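Now for the letters of each chain:
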Amino acid sequence: MHIEFDFPAVLERWPSFLGGAVLTLELAFIATLFGGILGAIGAIGRRSRNRSVANICTIYVEAIRNTPLLVQIFLVYFGLASIGLKFSAFSVAALALVINVGAYTTEIMRAGFDAIPQGQIEAAEGLALSRLQIYWHVILLPAMEKVYPSLTSQFVLLMLASSVTSQISAEELTAVANYIQSDTYRAFETYILVALAYVVLSLIMRAGFWGLGMLIFPRQRRLGTPL
Amino acid sequence: MGGHLNGNHLLFLGQGMLWTFGLSVIALGGGGIAGFIVALCRVSPSRWLRIASGAYVQLIQGMPLLVIMFLAYFGLAAIGVQVSPLAAVGASLTVYVSAYLGEIWRGCIRSVPRPQWEAAEGLALSRAQRMRMVILPQAVRIATPPTVGFMVQIIKNTSLASVVGFVELTRAGQIINNSLFEPFLIYSIIALVYFVLCFPISRLSHRLERRGGAARETLTPA
């Protein structure tokens, strides 16, 4: 058997690959930002004294964490269409990813909240901080610092999982690869290159999160130690 | 197009569910064996084995499973290696799972308290004996909750097999949808089936985690 590789034929399509990679990063950024906010709200909701709010948050987390992203994407895609709403594939993909990562973030943030000693919250109450101040300075930020490594790996996994949105023809990196391989008949070379591109993207994201961590957690920057 | 969901459709979904289950077993079996080897390499005394296995884990964990599947199915076919969807999916899942389980298990082996290694060494056990008789039995207890938790990921990830045309639960749903065109209903049913498969395992993992915490405390030497 004679196997011949032709990477240049695929590599010359680099502008398309780059466009796909940028879109993948955009999807990851949107999902990280809004999924992170949704997760923080979800984690606060799970601590709510109102039972029904806490239950709704729990049901959301369990429903998302126990079903595949692919099926969730189809549900959002066809669900929106069936109630007559038309969005671009990119918006649907972003929405599905936000809903998905929001549930995982809720669970991670909850672990962070649980790790905040009750005494610290009581001390903050004793210092007459408002509820909002307590949530922000004493619960949310320290909790985020504690679970920052888990959060960031979750977000990197999310970026990789965004490849699944190619199935509803969002034009991200994997969709670009599918298109190029059907055009060049070089499936092997295309997918090898795309796989490596994803490795590079995840390294970029990790480096970015490391830098961000240094920026938003001064303790880490000054002492070099996590909480 | 048209028609209603009937018994035959449900039967077809049932068959798909069995394949989802079968794929999960293949992934857990294959990925478990390969992952065990990866974990052992990651804690090996040989520097090169550690570096090579570490690179393998970093590489695989940096790729989406979907791309690995495309590579195994369309990529290999393009260079003249014809593989069946089952073989391609099974191999992709094995490679993918091995990188994650290998890393999880490495952590578990490493978290066996240091004095246990030293005591075993002091008893003049060989490295293989130390692993087999002292470290691994304790590591298995630590590893059980995260491994059970990862099984949920495996079951969910088998849904990606649908994209290379393998008829498991998700693909079965797509095929039925192509004839009935009731996507919201059908994907809701599919999601529910996945939930029924995964939720008990999630709960089990959660329970084991809480119980395991207590067990581990009793393991810590005085």
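Here the structure is shown first, and the text comes after it.
Residues numbered from 1 in each chain as written. Chains lettered and ligands numbered in written order. Predicted model: local features only at pLDDT ≥ 70, side-chain atom pairs only at ≥ 80, totals over all residues. Heavy atoms only, no water.

Draft legend 1. Structural context of the nonpolar core. The biggest cluster of nonpolar side chains holds 120 residues, and the ones touching the most others in it are Y198(A), V89(B), I109(B) and I190(B). Beyond its immediate chain neighbours, meaning those up to four positions away, I190(B) contacts V71(A), L13(B), L169(B), T170(B) and G173(B). (Core = buried A, V, L, I, M, F, W, Y, C linked by side-chain atoms within 4.5 Å. Buried < 20%, exposed > 50% of the residue type's maximum accessible area, 1.4 Å probe, protein only. Contact = heavy atoms within 4.5 Å.)

Draft legend 2. Quick peek at the side chain of T158(B). Residues and elements named next belong to chain B. Along the polypeptide, T158 turns up in the loop between α6 (127-157) and α7 (169-180). Residue classification places T158 among the buried positions, given a relative accessible area of 0%. Discounting chain neighbours no more than four positions away, the residues touching T158 are T20, L23, S24, L93 and E168. (Helix = DSSP H or I, 4+ residues; strand = E, 2+ residues; numbered from the N terminus.)

Draft legend 3. Structural detail: the packing of aromatic side chains. Scanning the model with the defined rule gives 15 aromatic pairs over all chains in all. An angle of 5 degrees between the planes, with centres 5.7 Å apart, marks the rings of F78(A) and Y187(B) as stacked. On the criterion of chain membership, the pair formed by F78(A) in helix α4 (residues 69-82) and Y187(B) in helix α8 (residues 183-219) is interchain, its members lying in two chains. Owing to a relative accessible area of 18%, F78(A) belongs among the buried residues under this scheme. Ring-pair connections join several aromatic residues into one group, and the members of that group are F74(A), Y77(A), F78(A) and Y187(B). (Phe/Tyr/Trp six-rings, centres within 6.5 Å; stacked < 30°, edge-to-face > 60°.)

Draft legend 4. Summary view of the interface of chain B and chain A. Taken together, the 40 residues of chain B in the interface contact 36 residues of chain A. Both faces combined, the contact of chain B with chain A buries some 3100 Å², and carbon together with sulfur accounts for 75% of it. At the junction of chain B with chain A, the criterion picks out 1 salt bridge. Across the pair R203(B) and E62(A) runs a salt bridge whose closest N-O atoms are separated by 3.9 Å. Counting the contacts that link chain B with chain A gives 5 residue pairs in polar contact (both at pLDDT 80 or more). Residue assignment for the side of chain B that touches chain A shows that the elements contributing at least two residues are α2 (47-61), α3 (65-78), α6, α7 and α8 of chain B. Grouping the amino acids of the side of chain B that touches chain A by side-chain chemistry returns 25 nonpolar, 13 polar and 2 charged. (Buried area = accessible area lost by both parts, 1.4 Å probe. Salt bridge = Lys/Arg side-chain N within 4 Å of Asp/Glu carboxyl O. Polar contact = N/O pair within 3.5 Å; in protein donor to acceptor, adjacent residues only side chain to side chain. Nonpolar A, V, L, I, M, F, W, Y, C, P; charged D, E, K, R; others polar.)

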